[in-house]
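Inside the fold
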Amino acid sequence: MTDFTTAPLTPAIWKDFERVMGSNGGARGCWCMHWRLSFKEWEAGAGDGNRNALRERSKQRPPPGLVCYLGDEPVGWVGIGERSEYPRLQRSPVTKALDDTPTWVITCLFVRRDHRHQRLQAKMIAAACDFAAGNGQHTVEGFPVDPAPGQIAGADNAMTGIASAFREAGFTEVARRKKDRPAMRRTVT
């Protein structure tokens with residue numbers, strides 16, 4: 001496999017991010033704004049509004065996530081940030097805070113269709129943990145889907161990742177508030 005690398009999303013690599021997300025902005029014009037806005041705001045911004053909002057967010061520090069590459073080819077995106085950046089995440093009974101530990105949360109894992117099924121998610125998750133640690137964080141959480149044996153997660157419900165990839169990246173399950181949604185955590189340094 002070609003070398004896997006990542007780069008924090010800044011305006012300098014915005015075009016690579018757009019290439020990963022495609023004309024649909026990942027899914028349904030999301031542009032990784034799903035957890036940052038109320039459903040009404042997210043729906044109203046679907047497409048250009050959400051894209052422009054994340055473009056503005058990419059100008060701030062720390063960046064809102066990582067663009068992932070195989071060689072020079074942008075192939076994936078992992079959204080990660082401090083829990084407080086995601087009001088919708090905090091309101092959900094499935095993804096609300098587990099306790100008062102300061103955490104960063106991996107909110108989105110997206111791989112371009114032509115690069116799926118290459119086992120990239122675990123590498124993306126590990127890179128996000130390194131990014132969090134490099135920004136002084138000690139705890140990273142995720143709320144991936146955990147499909148039943150023999151089942152495959154659908155694209156819409158797998159945006160937060162697949163539990164097996166989180167396990168491969170060193171996460172452990174710390175709670176399960178919904179049958180197919182474990183709350184997973186990893187300490188990073």
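As a reminder, the structure under discussion sits directly above these lines.
The structure reproduced in this document is the subject of the present report. Within any chain, residue numbers begin from 1 and follow the written order of that chain's sequence. Residues qualify for local features only when their pLDDT is at least 70, as the model is predicted, and side-chain atom pairs are given and counted only at 80 or more; totals for whole chains, interfaces and linings, by contrast, use all residues. To get the side-chain values, all heavy atoms of the structure are used, and hydrogens and water are removed first.

A word on the pairing of strand β5 (residues 139-142)
Heads up, the condition is: For the exposure calls, accessible area comes from a 1.4 Å probe over protein chains only, and a residue counts as buried if that area is under 20% of its type's maximum, exposed if over 50%, partly exposed in between. In DSSP terms, a helix is any run of H or I states spanning at least four residues, a strand is any run of E spanning at least two, and both are numbered starting from the N terminus. Pairing between strands requires that DSSP locate at least two bridges from one strand to the other. Assignment of crossover handedness uses the view with strands pointing away from the viewer, where a clockwise path from the first strand over the helix to the second indicates a right-handed crossover.
Here β5 shows a buried face lined by T139 and E141 and a second buried face lined by V140 and G142. The sheet contact formed by strand β4 (residues 104-111) and β5 spans three bridges and is parallel. Looking across to β5, one finds that W104 is bridged to V140. In the classification by handedness, the crossover that spans β4, the intervening helix α5 (residues 121-134) and the parallel β5 is right-handed. Two elements, β5 and strand β7 (residues 181-187), share four bridges in a ladder whose sense is antiparallel. In the strand pairing of β7, V140 is matched with R186.

Some points on the nonpolar core
Put simply, the rule reads: Among buried residues, those of type Ala, Val, Leu, Ile, Met, Phe, Trp, Tyr and Cys that are joined through side-chain atoms within 4.5 Å constitute a nonpolar core. Two residues qualify as a contact provided that any one of their heavy atoms is within 4.5 Å of a heavy atom in the partner residue.
In this structure, V78, I80, I106, I125, V140 and F171 are the most contacted members of the largest nonpolar core, which totals 28 residues. For this core, the secondary-structure elements that each account for two or more residues are β2 (65-70), β3 (73-82), β4, α5 and α6 (163-168). Looking at which element gives the most residues to this core, the answer is α5, with nine residues. In contact with F171, other than residues within four places in its own chain, are I106, I125, C129, V140, E141, G142, F166, M184, R185 and R186. Counting residues in each nonpolar core, the second largest holds 19 residues, with L9, V20, C30 and Y69 among its members.

Notes on the sheet that holds strand β1 (residues 4-8)
Just so we agree on the cut-off: Every angle, taken between N-to-C directions, lies between 0 and 180 degrees, and every axis is a line fitted to C-alpha atoms, over only the stretch in contact when it is a helix.
Within the open sheet, the seven strands sit side by side as β1-β2-β3-β4-β5-β7-β6. Their pairing is mixed. Where the open sheet ends on each side, the last strands, each with one partner, are β1 and β6 (172-178). Across this sheet, the average inter-strand angle for adjacent strands is 30 degrees, counted without regard to direction. Packed on one face of the sheet, α5 meets β1, β2, β3, β4, β5 and β7 and runs near 145 degrees to β4.

Focus on the side chain of S58
The topology assignment puts S58 in the loop between α3 (48-57) and β2. Judged by relative accessible area, S58 falls into the buried class, the value being 0%. When sequence neighbours within four positions are dropped, the list of residues in contact with S58 reads L9, T10, P11, W14 and P64.

Remarks on the side chain of T10
Tracing the backbone through its elements, the reader meets T10 in the loop between β1 and α1 (14-21). For T10, the residues in contact, after removing those within four places along its chain, are S58, R61 and P63.

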